[in-house]
Protein chains: 4
Amino acid sequence: MAPQLRVPALLPPMLRCPAPAPSAQAGAGEQVRVAVLGASGYTGEEVVRLLALHPNFKVTTLTGDRQAGKHFSDVFPHLLTARDVPPLVKIEDVSWDNVDAVFCCLPHATTQETLASLPAHLKVVDLSADFRLRNVDTYAEWYGGEHKAPELQKEAVYGLTELHREAVKQARIVANPGCYPTSVQLPLVPLLAANLITAEDIIIDAKSGVSGAGRSAKQNLIYCEVTEGINAYSVTRHRHMPEIEQGLSDACGKDVRVSFTPHLMPMTRGMESACYVKLADGASAGELRMHLQERYREESFVHVLPAGQVPQTHHVRGSNHCLIGVFEDRIPGRAIVLSVIDNLVKGASGQAIQNMNLLFGLPEETALLQQALFP
Amino acid sequence: MAPQLRVPALLPPMLRCPAPAPSAQAGAGEQVRVAVLGASGYTGEEVVRLLALHPNFKVTTLTGDRQAGKHFSDVFPHLLTARDVPPLVKIEDVSWDNVDAVFCCLPHATTQETLASLPAHLKVVDLSADFRLRNVDTYAEWYGGEHKAPELQKEAVYGLTELHREAVKQARIVANPGCYPTSVQLPLVPLLAANLITAEDIIIDAKSGVSGAGRSAKQNLIYCEVTEGINAYSVTRHRHMPEIEQGLSDACGKDVRVSFTPHLMPMTRGMESACYVKLADGASAGELRMHLQERYREESFVHVLPAGQVPQTHHVRGSNHCLIGVFEDRIPGRAIVLSVIDNLVKGASGQAIQNMNLLFGLPEETALLQQALFP
Amino acid sequence: MAPQLRVPALLPPMLRCPAPAPSAQAGAGEQVRVAVLGASGYTGEEVVRLLALHPNFKVTTLTGDRQAGKHFSDVFPHLLTARDVPPLVKIEDVSWDNVDAVFCCLPHATTQETLASLPAHLKVVDLSADFRLRNVDTYAEWYGGEHKAPELQKEAVYGLTELHREAVKQARIVANPGCYPTSVQLPLVPLLAANLITAEDIIIDAKSGVSGAGRSAKQNLIYCEVTEGINAYSVTRHRHMPEIEQGLSDACGKDVRVSFTPHLMPMTRGMESACYVKLADGASAGELRMHLQERYREESFVHVLPAGQVPQTHHVRGSNHCLIGVFEDRIPGRAIVLSVIDNLVKGASGQAIQNMNLLFGLPEETALLQQALFP
Amino acid sequence: MAPQLRVPALLPPMLRCPAPAPSAQAGAGEQVRVAVLGASGYTGEEVVRLLALHPNFKVTTLTGDRQAGKHFSDVFPHLLTARDVPPLVKIEDVSWDNVDAVFCCLPHATTQETLASLPAHLKVVDLSADFRLRNVDTYAEWYGGEHKAPELQKEAVYGLTELHREAVKQARIVANPGCYPTSVQLPLVPLLAANLITAEDIIIDAKSGVSGAGRSAKQNLIYCEVTEGINAYSVTRHRHMPEIEQGLSDACGKDVRVSFTPHLMPMTRGMESACYVKLADGASAGELRMHLQERYREESFVHVLPAGQVPQTHHVRGSNHCLIGVFEDRIPGRAIVLSVIDNLVKGASGQAIQNMNLLFGLPEETALLQQALFP
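Residues numbered from 1 in each chain as written. Chains lettered and ligands numbered in written order. Predicted model: local features only at pLDDT ≥ 70, side-chain atom pairs only at ≥ 80, totals over all residues. Heavy atoms only, no water.

- Per an unreviewed UniProt entry, the recorded name for chain A is Probable N-acetyl-gamma-glutamyl-phosphate reductase, chloroplastic, and the organism is Chlorella ohadii.
- The UniProt entry for chain A carries the following comment under Sequence similarities (unreviewed entry): "Belongs to the NAGSA dehydrogenase family. Type 1 subfamily."
- As its UniProt record puts it under Pathway (unreviewed entry), chain A is described as follows: "Amino-acid biosynthesis; L-arginine biosynthesis; N(2)-acetyl-L-ornithine from L-glutamate: step 3/4." (UniProt positions renumbered as here; feature names shortened; annotations may be inferred.)

Shown next, in the form of structure tokens:
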């Protein structure tokens, strides 16, 4: 029997999926109506890009204050098959009755008041830093201004999905984690929680792609200043530090201080966190690896590599995956834990969709299973 | 009504799609069983990557002579969700009874005899250059050796999908076009066929990403020799030239000779062909643009930009799209036609899947509608 | 005899040279005192970088309006051995009595009035576009505003050194050519002047590094928007076009119109101009090459490659060299002429120093003979 | 007085310097005759590039076994002004009587026997790893084979110039340090020697440009596999580790074990070593910085930055400089020490010339004072 004769039986479900699905559009009343606030930046773009493959979410509102009035494809011409998304509007012109879910991609500081003003029927995933720190005093110290929505802060759930899945499912507002904190907590939180490493002397040397700095034009981000070089930045004062420390402290039940040095390097996407840790008495690097493998065995997006295999950012580009490798250090009693993600996907918009899927009772992998783009 | 209550109704079809679909696996006997020959190179990888989202094709055989025995994820560790693909085997160990469709990603010259030896029940898309030139003497002249399967050559259909769709549908063997010829013929063939440009003095300056040169280790391809520079190569003697001339000659019914200068530049994926053409008497750049817009209006993958908009390779990276822009030249009577593709997708593996979809009676967009990856 | 015994005899002259020469400083009254206006941009930086090796020029004044008050090494920390250069001042605070020579690196439009206001004892090389076009109406048309110093324009000499050396030697004000015009005129002017190619149908496809766009922060120049892609820009309306046409028209004594399409590509430095030209009756590509080889035989910076060798931008990075290759085209009667330069050196600051050397009766190679940086 | 009238008095010394100096050539018998062994790799190329500006060294012999017979500019076409260097020959065809100085750029393992066979009148700087480790057993353990010239090993002096200057001056054979060891020892050796940091728990996260891997074609070095990503490699087993430990152990008089993790990143040149160290009791990061500033105050190539300034590899590209920054860590009692070099210059060929200058009684800066190439 010729294969093409067998195929048609499968066609209808298939058609609903990778293409802008005609049948789904017909039943658009059934879909979750999504607003992306601050859609003219990279994280907003990435939400729209990934949602193009999502069968249940439909982007119906895009805001962008300075770009209001523009068609989205004028701002991001590569989103060719997103031509049915609406043009950008100002946030004050949004009619919230027509929205079910909000991805908030606004800069920190402005986000607090914006979210506080939204109707309570909306489910929100906030990609800014504004609701990540439980302690609003810590927020004020690191972000240079008092928190303007402390009540809402109490409602927000920190959404590192693999670590806080159950809380996310019950939440209305999710504070989506930062990229560095995601890459660091995924390997270290389970190790601290299991007392396999000590809370002291955790040293993190991290490297990020440039897209983490956003799309705004700054001299230090122009091509000629970035290509073919590397430099540390914000040494000992990067704002992701208290977020990392909050997560690690929670994991082991005592205050943790980390050494954290981020680097800017010539790549658009990708992040590697090299974590240099002390083994707890009696523990070995092999046990660390086994523990993480066990912990993440059922996860779709976190992969602990076999001994000797080094995680590369190349292998997660454009995907929601996190790769982790564990190595025995040459200094006795120490281990090296390497983790890589795509800072715009698992480190931002992909994880935001993963969380939003949970908020709406959907399988969290929905629209997130594409492969990394390599080469 | 809460959105999450409405959603479940949609779940079953959705589940069949972006994820490795359980229901599809259940009915695996219904699926097209795909072999990828030469799967350890970039075009083979790209076929596997794209097929991971395909609901009807299942990769069941991968060959790679030097890498035989390895798991595919050892060769391409980024294909994390392709972990159910089989390990690489030698081509002589393939059991062809279990295969319906073949993507042939072998180097030119070796391909002729391999394809000639395959059972006739297989549908084949060949990504090498071996069956692209109708005239086997031209093949011998440019590829440095007599054609070893001239009979099979007669059966092969040249598969620039948008231009030869009907022939492809009837074919058993498709010669998948080269990357440069794809980017050049998509804009120029309709213009020549409509007598809007002259067949004389067609000048093409093309720029390609490095992945077009494949994955083999050569000194001129190592990072330090490529980054931060550009150079022409194979000036006046690139092997895609006769393929371009064949297509353009067919379009206008007379022998066409083109000036074609490819450049190697520091990017992995992407190709721009700048075509400098003479207008036919009375024609204008605006008419050229309108004609192409009309010609490709119903196409999913070819997009003719409005006046003044410049196609960028950034906007097609990782996607099967082709963008075309037409400009009035400053020299009266001339026009500039710019076209961009991703050389590995529309210029190779994406178009191969597009053709294979047609061979099996599937919508040609299946598994090919993801957005470009930008930034 | 041990080599180290022979060496000391050579020491004194050597010491004067690559290092900030003590003896030269002693005789500082003998040196040319140089001001660089607009020193906080890339061309200003490049003048300072190259002059660090110059035995006769001493940078004594640097201006930069927005950065006034800063030390130069705060603006360009890589100029470690330029620590004896003065801090940046506002242009109105310069004491011109202490200056002999001016490199003017200001943006176009502002330059006219600035130069008109300078004392007449100064020798000036202007790197802006303001004095390049003899016809001030053409200037007004392409640069969007009337020329504000038409008298000074008459005094200015266009300084493509190899083509206008004698005029430069007599000049007080040199209009330093644009980068694209330098790369195009060096090969084409001698060919047009010798009637080896026709003035019609000259098609130029050019590719430039990003540094040509300067150091100002613009969204389209940030790393993520540039890396790993290519696009044409300013198609048919780039401002270097009238400058190219002026030079080519002069060469052949009639009005020339060119097709000129520049591209932005992911490299900091480097420029390739691919010129597609028609041979004059009876001429051959070989004759073109021979003519250029003859024309530039005595030149230090222009090198015509043997048949078959392709010029690469990699091979001129950081140097003042121009490489030219000539190829017979596949279309009979046509030739391909490829030329490469570093846009910041021969295309800007290097040529500016070459011209200033001539203004002061120095060998034009002074401080310009370092090798390209490769890899 | 017109400036150009004053200038000629300076001309003769100037002419001797950046140009191929006529007077120096006239007295060629006075010059040191240099052989570069293994000149077809990147470190060999870099020696030749830098020596082009050297007034006392003249390259008279170049060897390259596989490329023997080729002109050097065929192997490295960018060395345009090095056209007077000789063609490549096989090492067995060298006439050593005509050589005074040898830069040995051969791969490790082959170097031992080669150097052992050379006449004793030659002064040698060896850029391979073969003579860096005093303990030949350690060599055997890490380099996988017994040392074949243990006697010569005893004669060799380890040449990290700023740390071993006096020994180098007396030496005949200098083992030029590895790139990583140079970038690590420059900051850490003085700190350990002064008891400002502890010898325990020294953690080094290093990032290198691709040129460190040499010019040979390997799949993992081709452009598409390197660009736009980062990965650690040789985790806990990189061969520079015993060399680092040897230097640090010497500094503090006891056995030191370090944690050292190198990364490959998408840049051609440049290296950053981030060293995470424990302060000795009572010491502070400020004291570390002051101590290093004092230690290197008179050095031409080592620069300790003011508090808060971050060293960038961009700022040393193509130069022989090392930049060091010291930061108080967020974990009390720790400091972060960052150092950057160009791996091919201070990390290889530049330091080799610096050492050779000393071997011949020349100022060590000779030919090494050019600025970094930025942008």
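What follows picks up the thread again.
### Re the domain arrangement of chain A
Residue and element names in this part refer to chain A.
Moving on, step 1. As assigned here, chain A comprises domain 1 (3-177 + 348-359) and domain 2 (180-343).
Moving on, step 2. Placing the centre of domain 1 and that of domain 2 at their C-alpha centroids yields a distance of 26 Å.
Moving on, step 3. Taken together, the contacts link 24 residues of domain 1 with 28 residues of domain 2.
Moving on, step 4. At the boundary of domain 1 with domain 2, total buried surface from both sides reaches about 2,200 Å², with 48% on carbon and sulfur atoms.
Moving on, step 5. Here domain 1 is connected to domain 2 by 4 salt bridges.
Moving on, step 6. In this structure, Glu299 engages Arg165 in a salt bridge whose closest nitrogen and oxygen atoms are separated by 2.6 Å.
Moving on, step 7. There are 17 residue pairs in polar contact (both at pLDDT 80 or more) connecting domain 1 and domain 2.
Moving on, step 8. A per-element tally of the side of domain 1 that touches domain 2 places helix H14 (residues 345-359) first, with 4 residues.
Moving on, step 9. Grouping the constituent residues of the side of domain 1 that touches domain 2 by class yields 11 nonpolar, 7 polar and 6 charged. (Domains from an automatic or database assignment. Contact = heavy atoms within 4.5 Å. Buried area = accessible area lost by both parts, 1.4 Å probe. Salt bridge = Lys/Arg side-chain N within 4 Å of Asp/Glu carboxyl O. Polar contact = N/O pair within 3.5 Å; in protein donor to acceptor, adjacent residues only side chain to side chain. Helix = DSSP H or I, 4+ residues; strand = E, 2+ residues; numbered from the N terminus. Nonpolar A, V, L, I, M, F, W, Y, C, P; charged D, E, K, R; others polar.)

### So, the interface of chain C and chain B
Where interface size is given, it is often the accessible area lost as the parts come together that is meant.
Moving on, step 1. The partner chain B presents 51 residues to the 51 residues of chain C that form the contact.
Moving on, step 2. Taking both sides of the interface into account, the surface hidden between chain C and chain B amounts to around 4,200 Å²; carbon and sulfur atoms contribute 56%.
Moving on, step 3. Considering only the surface of chain C that becomes buried against chain B, C:Glu228, C:Ile230 and C:Arg330 emerge as the three largest contributors, covering 18% of it.
Moving on, step 4. Applying the counting criterion to the chain C and chain B interface returns 8 salt bridges.
Moving on, step 5. With its nearest N and O atoms 3.8 Å apart, the salt bridge here joins B:Asp201 to C:Lys278.
Moving on, step 6. Only strand S8 (202-208), helix H11 (223-226), strand S9 (231-232), helix H12 (240-252), strand S10 (258-264), strand S11 (271-278), strand S13 (322-328) and strand S14 (334-341) of chain C provide two or more residues apiece to the side of chain C that touches chain B.
Moving on, step 7. Counting residues per element, the side of chain C that touches chain B draws most heavily on S8(C), which supplies 5 residues.
Moving on, step 8. Taken together, the residues of the side of chain C that touches chain B break down into 25 nonpolar, 11 polar and 15 charged.

### Topic: the pairing of strand S2 (residues 57-63) of chain C
Residues and elements named next belong to chain C.
Moving on, step 1. Most of S2 is tucked away: 5 of the 7 residues are buried.
Moving on, step 2. With 5 bridges joining them, strand S1 (residues 32-37) and S2 adopt parallel strand pairing. Paired with Arg33 across the two strands is Lys58, which belongs to S2.
Moving on, step 3. Taken together, the 2 bridges between S2 and strand S3 (residues 88-89) define a ladder with parallel strand orientation. Bridge pairing in S3 links Leu62 to Leu88. (Buried < 20%, exposed > 50% of the residue type's maximum accessible area, 1.4 Å probe, protein only. Pairing = 2+ DSSP bridges.)

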